[in-house]
Number of protein chains: 2
Amino acid sequence: MTLSQYFPIFTWGRAYTRTALSNDLMAALIVTIMLIPQSLAYALLAGLPPEAGLYASIVPIMLYAVFGTSRALAVGPVAVVSLMTAAALSNIVEQGTMGYAVAALSLAGLSGVILLAMGLFRLGFVANFLSHPVIAGFITASGIIIAASQLKHILGIDAQGHNLLELVISIFENLSTTNWITALIGILATAFLFWVRRGLKPLLTTLGLGATLTGVMVKAGPVLVVVATTLAVWLFGLAESGVKIVGEVPQSLPPLTLPSFSPDLLGQLLLPAFLISVIGFVESISVAQTLAAKKRQRIDPDQELIGLGAANIGASLTGGFPVTGGFSRSVVNFDAGAETPAAGAFTAVGLAIAALALTPLIYFLPKATLAATIIVAVLSLVDFSILKRSWAYSKADFAAVLATILITLGMGVEAGVSAGVGLSILLHLYKSSKPHIAEVGQVPGTEHFRNILRHDVLTHPEIVTLRVDESLYFANARFLEEKIQNRVAADKTVRHVILQCSAINEIDFSALESLEAINERLDEMNVKLHLSEVKGPVMDRLQRAHFLSDLTGQVFLSQYEAVESLMKSGG
Amino acid sequence: MTLSQYFPIFTWGRAYTRTALSNDLMAALIVTIMLIPQSLAYALLAGLPPEAGLYASIVPIMLYAVFGTSRALAVGPVAVVSLMTAAALSNIVEQGTMGYAVAALSLAGLSGVILLAMGLFRLGFVANFLSHPVIAGFITASGIIIAASQLKHILGIDAQGHNLLELVISIFENLSTTNWITALIGILATAFLFWVRRGLKPLLTTLGLGATLTGVMVKAGPVLVVVATTLAVWLFGLAESGVKIVGEVPQSLPPLTLPSFSPDLLGQLLLPAFLISVIGFVESISVAQTLAAKKRQRIDPDQELIGLGAANIGASLTGGFPVTGGFSRSVVNFDAGAETPAAGAFTAVGLAIAALALTPLIYFLPKATLAATIIVAVLSLVDFSILKRSWAYSKADFAAVLATILITLGMGVEAGVSAGVGLSILLHLYKSSKPHIAEVGQVPGTEHFRNILRHDVLTHPEIVTLRVDESLYFANARFLEEKIQNRVAADKTVRHVILQCSAINEIDFSALESLEAINERLDEMNVKLHLSEVKGPVMDRLQRAHFLSDLTGQVFLSQYEAVESLMKSGG
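Keep in mind that this is a model prediction, so the values were computed, not measured.

1. Things to note about helix H17 (residues 385–393) of chain B
Those residues of H17 of chain B that fall on the buried side of the exposure criterion are Ile386, Arg389, Ser390 and Tyr393 of chain B. The arc that holds the buried residues of H17 of chain B, viewed along the axis, is 95°, so those residues lie on one side. Close packing links the buried residues of H17 of chain B with helix H21 (509–524) and helix H22 (536–542) of chain A together with helix H7 (132–155) and helix H18 (395–411) of chain B.

2. Topic: the sheet that holds strand E5 (residues 463–468) of chain A
Strand pairing in a sheet relies on backbone hydrogen bonds, with the paired strands running either antiparallel or parallel. Residue and element names in this part refer to chain A. Strand order in this open sheet of six strands is E4-E3-E5-E6-E7-E8, and the pairing throughout is mixed. Each end of this open sheet is capped by a strand with a single partner; those strands are strand E4 (449–451) and strand E8 (555–556). With three bridges connecting them, strand E3 (residues 437–442) and E4 associate as antiparallel partners. Note on E4: the bridge partner recorded for Gln442 is Phe449. Against the sheet, helix H20 (residues 474–489) makes contact with E3, E5 and strand E6 (496–500), and its axis sits at roughly 160° relative to E5, the strand it touches most.

3. So, the confidence of the model for chain A
Atomic detail in the predicted coordinates should be set aside for any region of low pLDDT. When pLDDT is averaged along chain A, the result is 89; 99% of the residues meet or exceed 70. Scored as a whole, the predicted complex attains pTM 0.79, and scored at its interfaces, ipTM 0.79.

4. Things to note about the interface of chain A and chain B
Across the boundary between the two partners, chain A contributes 54 residues, which contact 54 residues of chain B. Contributing elements (two or more residues each) for the side of chain A that touches chain B: helix H7 (132–155), helix H12 (263–294), helix H17 (385–393), helix H19 (413–433), H20, H21 and H22 of chain A. Ranked by residues supplied to the side of chain A that touches chain B, first place goes to H20 of chain A with 10 residues. Looking at side-chain class alone, the side of chain A that touches chain B contains 21 nonpolar, 17 polar and 16 charged residues.

5. Side note on the packing of helix H9 (residues 180–206) of chain A against helix H10 (residues 211–219) of chain A
Residue and element names in this part refer to chain A. Running from N to C, H9 and H10 point in directions that differ by 150°, and their axes come no closer than 10 Å. By the angle between their directions, the pair H9 and H10 is classed as roughly antiparallel. The handedness of the crossing between H9 and H10 comes out as right-handed. Touching Val196, Arg197, Leu200, Lys201, Leu204 and Thr205 of H9 are Thr214, Met217 and Val218, all from H10. Across the contact of H9 with H10, the residue classes tally to five nonpolar, two polar and two charged.

6. Details of the relation of the copies chain A and chain B
Relative to chain B, chain A is turned by 180° and slid 0.0 Å along the rotation axis, the superposed coordinates differing by an RMSD of 0.0 Å. Taken together, the turn and the small shift mark the pair as related by a two-fold rotation axis. No C-alpha of chain A lies nearer the rotation axis than that of Ala503 of chain A, which sits 2.6 Å from it. Of the interface residues in chain A, 100% have counterparts in chain B that sit at the interface too, so the contact is made through matching surfaces.

7. With respect to the domain arrangement of chain A
Partitioning chain A into structural domains gives domain 1 (2–401) and domain 2 (437–568). Placing the centre of domain 1 of chain A and that of domain 2 of chain A at their C-alpha centroids yields a distance of 55 Å.

8. A look at the pairing of strand E7 (residues 528–532) of chain A
Residue and element names in this part refer to chain A. Here E7 lies mainly inside the structure; four of its five residues are buried. Relative to E7, E6 runs parallel, the two sharing five bridges. Among the inter-strand pairings, His496 is bridged to a residue of E7, identified as Lys528. Between the parallel pair E6 and E7, the chain is carried across by H21, and the sense of this crossover is right-handed. Examined bridge by bridge, E7 and E8 share two bridges and lie parallel to one another. Directly across from Ser532, in E8, lies its bridge partner Phe556.

Rules used throughout
Residues numbered from 1 in each chain as written. Chains lettered and ligands numbered in written order. Predicted model: local features only at pLDDT ≥ 70, side-chain atom pairs only at ≥ 80, totals over all residues. Buried ≥ 20, exposed ≤ 12 C-beta atoms within 10 Å, placed from the backbone. Helix = DSSP H or I, 4+ residues; strand = E, 2+ residues; numbered from the N terminus. Arc of directions from axis to C-beta. Contact = placed C-beta atoms within 7 Å. Pairing = 2+ DSSP bridges. Axes fitted to C-alpha atoms, helices over the stretch in contact; angles between N-to-C directions. pLDDT = per-residue confidence, 0-100. Nonpolar A, V, L, I, M, F, W, Y, C, P; charged D, E, K, R; others polar. Parallel < 35°, antiparallel > 145°, perpendicular 65-115°, else oblique. Left-handed = near helix turned anticlockwise from the far one by under 90°. Least-squares fit on C-alpha atoms with pLDDT ≥ 70 in both. Domains from an automatic or database assignment. Right-handed = clockwise from strand over helix to strand, strands pointing away.

Shown next, in the form of structure tokens:
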């Protein structure tokens, strides 16, 4: 029972069939072809040597297969997490040094431990504080930053910057040093990859190819570009003309590595590791749930944290960097027919073979080509429609998106996501601190009570009924005190105040004390306080306090009953 | 209209009567007698020369009379704010220096500007984030710290400490240097004042004295002690035996002073000033509302902020320190019959006369006497029953109280109140991130739907109805996704999911996207999603989005209608 809870592999492994095996093998082949250039590219984005991208895809994917609950999730380096890795590390160590690679291992290890702890202590809800608008804004802004950061590789120039503006200025300053052959390769590769996405797919479909084959050919586009540009560089000796190439990549299985445990380093990496964990988890879980729903499968978020935690710890011990479940590769895996996490394990084998045997072949691969694959991949993440949609729906959500985008672009990924989360929490608290409070009256001929401002209702001058459309808690308790005080102090005919509690899901201790104060103050004015339609759990809790015995009025089951009874008793 | 809104004095001033005048004068006399020793004592607590306490009570009280909306609030130095002033300043400048007094002016000025800005921009709701348990815990802990900090004056020793533990250790270390005459005066004064509170009042009442006269005599207790101990020190020349006395106090009206505008200093004072403002405001507004309710008067919180802001700016320009509306003095003012803020203005005149004429008389007043009045006053604030009451009502509120008390005692007032606010917000968010979601069924023979776990209800295997008892927002949106996914994925007979939205007061953009995802995922499983009992404002907002047109099911007015209609259409 417990064993299969923590090792989902025992559940699906027992029922593994020959059909599942052949489906999984097919999916693994397709994903492997897609992942080779992607892994190299994301390593470049993270500021690491290309082989780190391959290593980060091998052991992590196997560990996820053991611990993860999603049947189709493909774990490995992804764009946003690679960007965050680069942002976190380049503040601490210089890119290209040995220390940088070791710090990447520490970051992955720390992130793994955080994810694992969140899973074991069932703290997955922490991720819920990243609201959708904040994530959407963050991913859009990250996509822009990533694309901008790759422009230097496309142009063959040097450029630096801690935020978008600095980066763009630096690119313009160095524009005169553009290596035109590199730029030609980069621009052609980018244009071709865009065409594969936008033009090739419709073309193949028109030509009558099946959806699966079309999909495979489109996904193979990056491989084709890699092969073509590598050959070009090799045949024409373009490396001598200044085209930057990947160069020597060790032919090896993932090495055993040990992250640094320096308390100083770990202290500096703690916040970035936490943000990487949470953002990686959110990206991963939403893909996993979308794919699981298609087959009525269940995802256990806490077990997912354990799976991703194990994957990241694996990455830190085998020369990798932070990983998570990627959107596009998981969708490809699913579409290609993957039935179980075994497909992931087979992908890992495919990538291990690539790391062992194929690395000499990418010696002449130009970095511009990798940059092109990154740019094309991330620009699909950029989606400003969230601004328009959130504006139409809610100004508070719009403010959170806008702040996240602007601060991410202007001050970097960590500041952006923190500001977004902080702002959305503040706006939520602000909204609930001024709840909608309606004075209600009886709809004639019914037992319904509605807002006196919106409906033609019956009221009695000596009875005021207020309906609070929010749980009562510290942030709005005093607001209610003021509302009632203002309503009653001004109108000396009032003898009863009824609080209709149908929308009150909780009353916290502050609100309880406010209700006690309201009760006492109304008593001073010779006005009785009554409650109606109090929910069961709220009533249970009120019974543990003195409030009900101090209440000057009564608690009525329904609002109708309250008014009837008060009118009868001589209102 | 606007003028009398910002200057409430025009409202009550116009209708000022001879009766009101005589009542106000009487109240002013009683409050003045009470305030003289109190002002001196709180200046000592704040680490300032005694005259600062008098100055802080004169101009501020007059400005509040012009701008404030409470008829009975008495503004001046209060215990908790004086403690916070000492805590804020002693981190920055050495006590007893000129810089310390100037920094106190800056703190009052900054606090005044913050209050004024909060009032003008209607930001009074910020104070609502101080929950009742946090305030109660904070005041109790502050009372203990204040009492401990005065022990050194009672014993005539030196003692220092940034938190309670350090202070207590320091007192024990210096216990051998106790000045026994000082200790005798201090202990006798404390004991007498306790007896006045606990023993004299019942005695006088038994003797048949009226409540008002009894009240006045009890309040005059500190004056009696001041006179007696001052005479004793003078007659027996105790100052030569090492009894510390107040000494020379300038005979002067409040001087015109200018706070320091050093950006460095203001930067360091910003957070303390903000906390002092918010806590002072909360203390003041709750007293004001309690007293106003007794006479059906209205308090405008935003105008109160303006009144308190003006009072603090006044304090900073006339040799004072941060002030607010005090609990005990306001109650005395009210009980003594004060009818308008003019009573406060008369009190100010009384104190001005004291500052001009009476200061030579307090030359021999021992500091131990002032310490005794402080100890007796603050120990009435210490109330650990909040721990028991909050434990019984809600563990989350209990946690907030306990954390506030422990951190205030262990790490100081600013850390304590910040931690309390932070923790109560986190606990609130945590609770609402895991809302109560009940699966409901029809109570036989009625149109009511109740929790299937609590009631014997009718259900249909192909229809699942979930009632969410919380507004849907980013922190709980994914929780709902998981709940629904888990319920439906496991049960393949389900064909309809109905969300009963009667307790949903808001759906934010994140929750909207979650509902869209739920709708889509259910569609993949061939399950339709329906809504019932959606509130008007929620529906208004949903209509601005695509969700309603994408919804696979329908929106029903009532839950009963939903089930009836789905069963009829071939369930």
